Amino acid sequence: MMNVNDLIKKFEKPTDSNQLFYQAMEEVVLSIAPLLDSDDRYKKNAILERLVVPDRVIKFKVEWFDDNQNIQVNTGYRIQFNNALGPYKGGLRFHPTVNEGVLKFLAFEQIFKNSLTGLPIGGGKGGSDFDPKGKSDFEVMKFCSAFMTELHKYIGPRVDVPAGDIGVGAREIGYLFGEYKKITSKYDGILTGKPFMFGGSLMRPEATGYGLIYFTETMLELENKEPLTGKICTVSGSGNVALHAIEKLYHLGAIPVTCSDSKGTIYHKEGVDLDLLKDMKFNRRVSLEEYLEVHPEATYIPAEDYPADGHAVWDIPCYGAFPCATQNELTGMDAQNLIANGVEVVAEGANMPCTTKATNDFLNHKICFGPAKAANAGGVAVSEFEMAQNASMGKWSFEKVDQKLKTTMQQIAKRVVLTAKDYGVEGNYVDGANIAGFKRVADAMIAEGI
Ligand code: NDP
């Protein structure tokens, strides 16, 4: 029977392609050591060895015609990692950086996140190296149709229910759903994040960003810290998660002063203009640089003006910092800058946006730190609400979904805090989330046998 150190050694030489998975796996494995020591059932049932290997990795070719009638070829993936708690559930990412390693890391994280929600959903993830940026609507439709031609063989409302992620929003989900329907003649809830008019849940677009802020408010309350009202906050990214986190910060009376994209950062001291950002990013899909045409008083900092391991967003003094763009976007150097500037709370909207060094720096400095698998679970929670609505052919009101989301995020925060206390790592939300998430999945695996 392997112990924790043997298992980490087995993966000792992370290669470029599995480095992110290694980082995620090592964090979980180190966190759960106290649980393994206190209950020998997990070792006896080889849960760790079984949990770090996906149930299956599906890889397929996606061929499509571009607008010039040239044939394009991309690679598609679906990683069905673990379904001990329910059907595989996790987003699809369309981005040139997508490969098997990136998706394996995301699918692994998804297992524990989904477990933490307390809902009946397993963990999966998928996507393609296709880049929707710069493509016409017609090209995106062609690609989505070709992608679904393969993917539909492996998904189903009780089997695997994908959703959106980077590069996959309502437009892509709509095209994917349309193709599934055409191929199978079924009107199944096989995707979440669908537009409301054909089975989507109200509040799914807002869910991850709003949930992040609900989680943070609860975490601050449990730690007896001041709430976000009136506080300066920094946010990275300008996609679905970032803009809805900014929206909820405004609802609470906080002042979000930054956002970013892969080309640069906007710093607007009085608070960023959310309506303008939504129009730029959701409707016109343009670079943030254009923000200055309306707000010349704001500052735009191009990404190339910054050192390789630092990011302009995290140089701005703030009470709360919310990384909402992508993995490993907040480095050790960024963490040092935030700490030096007096940050009190950091919560991850993106998946694993803080490097291991940054995370450890926050924990060592007793900064209130909300890890992604707890803090950004609002998106998948509302996706599960969408599955429930589809299954019953019903529709829930915005208020009902919002209330259920809020309650779910509060329960996750409480579960994480109590677990950390129970296992002697009080205040460490990383360990608390990993132990609580692992325990529910592991107990189900033991009960289901091999
Ligand atoms: P979007 O595609 O809507 O937005 C992504 C944002 O991040 C864009 O502003 C994008 O800028 C920026 N970005 C992407 N890659 C990079 C990079 N390498 N460097 C700098 N900026 C980058 O995605 P989402 O908002 O949906 O997702 C953001 C994060 O949240 C991801 O980690 C995702 O896995 C996670 N997440 C999303 C959920 C959801 O419900 N959507 C649920 C839970 C987690 P640009 O446009 O220039 O590329």
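Here the structure is a predicted model, which is why all the values come from computation and not from measurement. (Residues numbered from 1 in each chain as written. Predicted model: local features only at pLDDT ≥ 70, side-chain atom pairs only at ≥ 80, totals over all residues. Heavy atoms only, no water.)

Before going further, it helps to examine the overall build of the protein chain. The helix and strand tally for the protein chain stands at 18 helices and 13 strands. By its C-alpha atoms, the protein chain is 60 × 55 × 45 Å across when sized along the principal axes. The buried share of the protein chain, reckoned over its 450 residues, is 58%. The long-range fraction of contacts in the protein chain, counting pairs at least 24 apart against all pairs at least 6 apart in sequence, stands at 70%. Separation of charge centres in the protein chain, based on 48 positive and 58 negative side chains, amounts to 7 Å. (Helix = DSSP H or I, 4+ residues; strand = E, 2+ residues; numbered from the N terminus. Buried < 20%, exposed > 50% of the residue type's maximum accessible area, 1.4 Å probe, protein only. Contact = heavy atoms within 4.5 Å. Lys, Arg positive; Asp, Glu negative; His and termini not counted. Charge placed at Lys NZ, Arg CZ, Asp CG, Glu CD.)

This next bit is on the site of the ligand. Around the ligand, 23 residues are found, and the nearest of them are Lys133, Asp165, Thr208, Ser262 and Asn351. Here an oxygen atom of the ligand and a side-chain polar atom of Lys133 are 2.7 Å apart. One nitrogen or oxygen atom from the main chain of Asn240 is found 2.9 Å from an oxygen atom belonging to the ligand. If the ligand stood free it would expose 890 Å²; the protein chains cover 81% of that surface. (Near = heavy atom within 4 Å. Polar contact = N/O pair within 3.5 Å; in protein donor to acceptor, adjacent residues only side chain to side chain. Areas by Shrake-Rupley, 256 points an atom, 1.4 Å probe, with all protein chains shown as cover.)

A few words on the domain arrangement of the protein chain. Each assigned domain of the protein chain is listed here: domain 1 (4-188) and domain 2 (207-370). Each of domain 1 and domain 2 has a C-alpha centre, and these two points are 26 Å apart. In this complex, domain 1 contributes 14 residues to the contact, which on the side of domain 2 involves 11 residues. Both faces combined, the contact of domain 1 with domain 2 buries some 930 Å², and carbon together with sulfur accounts for 42% of it. Summed over the shared surface of domain 1 and domain 2, the result is 0 salt bridges. If you look at where domain 1 meets domain 2, you find 3 residue pairs in polar contact (both at pLDDT 80 or more). Looking at the side of domain 1 that touches domain 2, the elements with two or more residues in it are helix H2 (19-31) and helix H6 (100-116). Counted by class, the side of domain 1 that touches domain 2 contains 6 nonpolar, 2 polar and 6 charged residues. (Domains from an automatic or database assignment. Buried area = accessible area lost by both parts, 1.4 Å probe. Salt bridge = Lys/Arg side-chain N within 4 Å of Asp/Glu carboxyl O. Nonpolar A, V, L, I, M, F, W, Y, C, P; charged D, E, K, R; others polar.)

On the surface, a cluster of nonpolar side chains totalling about 300 Å² of accessible area is made up of Phe65, Ile71 and Val73. Among the secondary structure elements, Ile71 is positioned in strand S2 (residues 71-82). (Patch = residues over 30% accessible without salt bridge, like charges linked within 9 Å, V, L, I, M, F, W, Y side chains within 5 Å.)

A few words on the packing of helix H13 (residues 332-340) against helix H14 (residues 356-364). Helices that pack against each other are described as a pair by the angle of their axes relative to one another and the distance between those axes. At a closest axis distance of 7 Å, the pairing of H13 and H14 adopts a crossing angle of 25 degrees. In terms of orientation, H13 and H14 fall into the roughly parallel class. Contact with H13, carried on its side by Gly332, Ala335, Gln336, Leu338 and Ile339, involves Lys357, Ala358, Asp361 and Phe362 of H14 and no other residues of that element. Residues belonging to the contact of H13 with H14 are distributed by class as follows: 5 nonpolar, 2 polar and 2 charged. (Axes fitted to C-alpha atoms, helices over the stretch in contact; angles between N-to-C directions. Parallel < 35°, antiparallel > 145°, perpendicular 65-115°, else oblique.)

Along an α-helix, a turn takes 3.6 residues, which lines up residues three or four apart on a common side. Taken together, the buried positions of H13 are Gly332, Asp334, Ala335, Leu338 and Ile339. One side of H13 holds all its buried residues, which, seen down the axis, span an arc of 155 degrees. In the core, the buried residues of H13 are packed alongside strand S11 (320-322) and H14. Positioned one or two residues after H13, Gly342 has a phi angle of 85 degrees, which is positive. (Arc of directions from axis to C-beta.)

Right, let's get into a negative patch on the surface. On the surface, a cluster of negative charge is contributed by Glu289, Glu293, Glu304 and Asp305. Residue position: Glu289 is located in the loop between helix H11 (274-284) and helix H12 (291-294). A relative accessible area of 48% means that Glu289 is categorised as partly exposed.

Another aspect to go through is the sheet that holds strand S4 (residues 122-128). Strand order in the open sheet made by the 5 strands is S1-S2-S4-S3-S5, with mixed pairing throughout. The open sheet has two edge strands, strand S1 (56-65) and strand S5 (160-163), and neither has a second partner. Shown here is a sheet whose adjacent strand axes are inclined to one another by a mean of 20 degrees, direction ignored. (Pairing = 2+ DSSP bridges.)

To continue, consider the packing of aromatic side chains. If you walk through the whole model with that rule in mind, you get 18 aromatic pairs. Taken together, a centroid distance of 5.0 Å and an interplanar angle of 75 degrees make the contact between Phe108 and Phe112 edge-to-face. Here the residue Phe108 and the residue Phe112 both occupy positions in helix H6, the gap between them amounting to 4 residues, near one helical turn. Of the two residues, Phe108 and Phe112, both sit in the buried class. Relative to Phe198, the ring of Phe177 has its centre 5.5 Å away and its plane inclined at 10 degrees; by these criteria the two rings are stacked. Taken as a pair, Phe177 in helix H8 (residues 170-184) and Phe198 in the loop between H8 and helix H9 (204-222) lie far apart in primary sequence, 21 residues in all. Clustering of aromatic rings is evident, with ring pairs tying together Phe60, Trp64, Phe94, Phe130, Phe143 and Phe147. Cation over ring: Lys400 sits above Trp396, and NZ or CZ is 4.5 Å from the ring centre. The ring of Phe385 has Lys404 sitting right over it, with the charged end atom 5.3 Å from the ring centre. (Phe/Tyr/Trp six-rings, centres within 6.5 Å; stacked < 30°, edge-to-face > 60°. Lys NZ or Arg CZ within 6 Å of the ring centre and 35° of its normal.)

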